Amino acid sequence: TSKGKRVIFTVHRGNLMDQTAGTFTEFGIPHGFIAAGTRYEDQHQVAVASIATLTRRLAVIPAPDLLVIDEAHLALAATWAKVINFYRERGTKILGFTAAPRGRAGRPLSDLFASLVLGPSPRWLIDNGFLSDYRAFAPSEVDLSGVKMKLGDYDHAALEAAVNNPSLTGDVARHYMKLANGTRAIAYCVSIRHSENVAAHFNEQGIPAAHIDGTTPKEEQRRIIRAFADGEIMVLCNVDLLTTGFDLSAQAGREVPVETIIGLRPTASLALHLQMLGRGLRRKPNPATFLDHA
């Protein structure tokens, strides 16, 4: 921006827009928004954009000098590729960030990006104090013998049937109390019904828990996340929401690390697996605990 260049920073979820805007404000970067219900104002050098809205407004928003793609491992989806190719043809430079540089369903990111710039490994970041160390447990194993693959990952309906059962759910709460009791935990589930059942079981055991997913109203999402940050909720169960880009401390406006990750969602995607585990690696005094039931 000091060179007078224009930048659009794109995200794929509404809650990540608020999170990004908060970080920009913290660093003194003035910015506008490209999102549903907002009018684009081109006096802003920097805009935080919802990819869904940006796709619909390509004809009216001038090409930026730099387009930043957050969570670039998602960029192979048709919506992202449309935006990237549209602006690239108009001279925009494209920069993607991701902690898991692998495309879904086997497609390489080289379909869109010319080169890969490797940052330090997670192990180096842990050893040098930038990320939390961790201890990992695999207390139980899901029988996936009858679950077929679909689009590069496990078939969703069959996967839910395999994991959403009382014995596994009971095992999850039991091991949390044994290995991570009193810590703030995020549980990754397969479906809304699965997530709700896990939350209900934790509550039955006297451990405050809540369910959240992409259909939860935005204000209710904020209320639940605040309660989780404040320790009123100890286990936050979710479906495909608190993975890519979720930063509890940024959402809470203060340092609140996630201490435990409960994995209940088997996946064949290394990128998704790393994204789930990564939510627990924010720096903190004690190692994170990974309870991997998947």
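Everything below is about the structure printed above this text.
## Focus on the packing of helix α6 (residues 166-179) against helix α7 (residues 192-204)
Then step 1. Direction vectors running N to C along α6 and α7 enclose 50°, while the axes themselves pass 10 Å from each other. Accordingly, the angle class assigned to the pair α6 and α7 is oblique. Here α6 runs over α7; the crossing is right-handed. Counted together, Thr169, Gly170, Val172, Ala173 and Tyr176 of α6 and Asn197, Val198, His201 and Phe202 of α7 form the full contact between these two elements.
Then step 2. Its residues assigned to classes, the contact of α6 with α7 comprises five nonpolar, four polar and no charged.

## Concerning the sheet that holds strand β3 (residues 46-50)
Then step 1. Pairing is parallel in the open sheet, where five strands are placed in the order β2-β3-β1-β4-β5. This sheet does not close on itself; its edge strands, each paired only once, are β2 (32-34) and β5 (93-96). Averaged over all adjacent pairs, the angle separating strand axes in this sheet is 25°, with direction ignored.
Then step 2. Bridge count between strand β1 (residues 7-11) and β3: five bridges; the pairing is parallel. The partner of valine 11 across the bridge, within β3, is serine 50.
Then step 3. Across the sheet, helix α3 (residues 78-88) is in contact with β1, β4 (66-69) and β5; its angle to β4 comes to roughly 160°.

Reading guide: rules and limits
- Residues numbered from 1 in each chain as written.
- Predicted model: local features only at pLDDT ≥ 70, side-chain atom pairs only at ≥ 80, totals over all residues.
- Heavy atoms only, no water.
- Axes fitted to C-alpha atoms, helices over the stretch in contact; angles between N-to-C directions.
- Helix = DSSP H or I, 4+ residues; strand = E, 2+ residues; numbered from the N terminus.
- Parallel < 35°, antiparallel > 145°, perpendicular 65-115°, else oblique.
- Left-handed = near helix turned anticlockwise from the far one by under 90°.
- Contact = heavy atoms within 4.5 Å.
- Nonpolar A, V, L, I, M, F, W, Y, C, P; charged D, E, K, R; others polar.
- Pairing = 2+ DSSP bridges.

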